[in-house]
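# Survey of secondary and tertiary structure
The primary structure of each chain is shown beneath.
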Amino acid sequence: NAGVTQTPKFRVLKTGQSMTLLCAQDMNHEYMYWYRQDPGMGLRLIHYSVGEGTTAKGEVPDGYNVSRLKKQNFLLGLESAAPSQTSVYFCASSLKRARGGTQYFGPGTRLLVL
Amino acid sequence: GDSVTQMEGPVTLSEEAFLTINCTYTATGYPSLFWYVQYPGEGLQLLLKATKADDKGSNKGFEATYRKETTSFHLEKGSVQVSDSAVYFCALDTDKLIFGTGTRLQVFP
């Protein structure tokens, strides 16, 4: 049982390039999330999904797109990377969305945009 | 809107010292409260949680009590170890999980 995995672990992009971050979970969770972590700002929600085929915007969605074609995968795309998107990206999943539902996090993807 | 405020770090302690990391929150409704821990180079993992007022969450010697009257959820441990060195995040969940900015704990032998 691998839990939540993320690919890649680290990536360097030039401004304007595109990339996709992959998140996979093997816990059969309905809910999946993408966060970014920046110094002094905690984690901020980018997008989330409440089930296969559904996505919704979080707190900081601009410049990102997501897709949830399969229940176990949640993809985060950057169409045209900007230096402001340099960050550490975490994916998470949870069994339920209601109060008290524990989120399980992946190990993170460190992205540097030059 | 809903928010979490936690003490700035780093918190530097000697091994076996007592730890308190303060966390207060602002929320409409009745949130669940969490402490997550992030060890170096890893993702966050749940340390403990409390889902209603006066509940006490505990795990690995850490404790936190949900105090509705003071809107607080302070993290405590009676005797820290070097292996507790990490970043600790307080969070609340009414509809979405909202994190504090994190407090780095450094424990020296």
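You'll find the structure just up there.
As a starting point, this report considers the structure included with it. (Residues numbered from 1 in each chain as written. Chains lettered and ligands numbered in written order. Predicted model: local features only at pLDDT ≥ 70, side-chain atom pairs only at ≥ 80, totals over all residues. Heavy atoms only, no water.)

Next up on the list: the overall build of chain B. Each helix and strand counted, chain B has zero helices and twelve strands in total. Going residue by residue from the N terminus, the α and β elements of chain B occur as β-β-β-β-β-β-β-β-β-β-β-β. Relative to the compact-globule value of 13 Å for 109 residues, chain B shows a C-alpha radius of gyration of 13 Å, a close match. Along the first, second and third principal axes, the C-alpha atoms of chain B reach 45 × 25 × 20 Å. Counting only residues that meet the buried cut, chain B has 44% of its 109 residues in that class. Across chain B, the fraction of contacts at a sequence separation of at least 24, relative to all contacts at a separation of at least 6, is 55%. Taken as two groups, the 9 positive and 13 negative side-chain charges of chain B have centres that lie 4 Å from each other. (Helix = DSSP H or I, 4+ residues; strand = E, 2+ residues; numbered from the N terminus. Rg over C-alpha atoms; globule rule 2.2 N^0.38 Å. Buried < 20%, exposed > 50% of the residue type's maximum accessible area, 1.4 Å probe, protein only. Contact = heavy atoms within 4.5 Å. Lys, Arg positive; Asp, Glu negative; His and termini not counted. Charge placed at Lys NZ, Arg CZ, Asp CG, Glu CD.)

All names here are of chain A. What you see with strand β3 (residues 19–25) is a clean split: Met19, Leu21, Cys23 and Gln25 sit on the buried side and Thr20, Leu22 and Ala24 on the side with no burial. Here strand β1 (residues 4–7) pairs with β3 via four bridges, running antiparallel. Directly across from valine 4, in β3, lies its bridge partner glutamine 25. In this sheet, strand β8 (residues 73–78) lies alongside β3 in antiparallel orientation, the contact comprising six bridges. Bridging from a neighbouring strand, threonine 20 pairs with glycine 77 of β8. (Pairing = 2+ DSSP bridges.)

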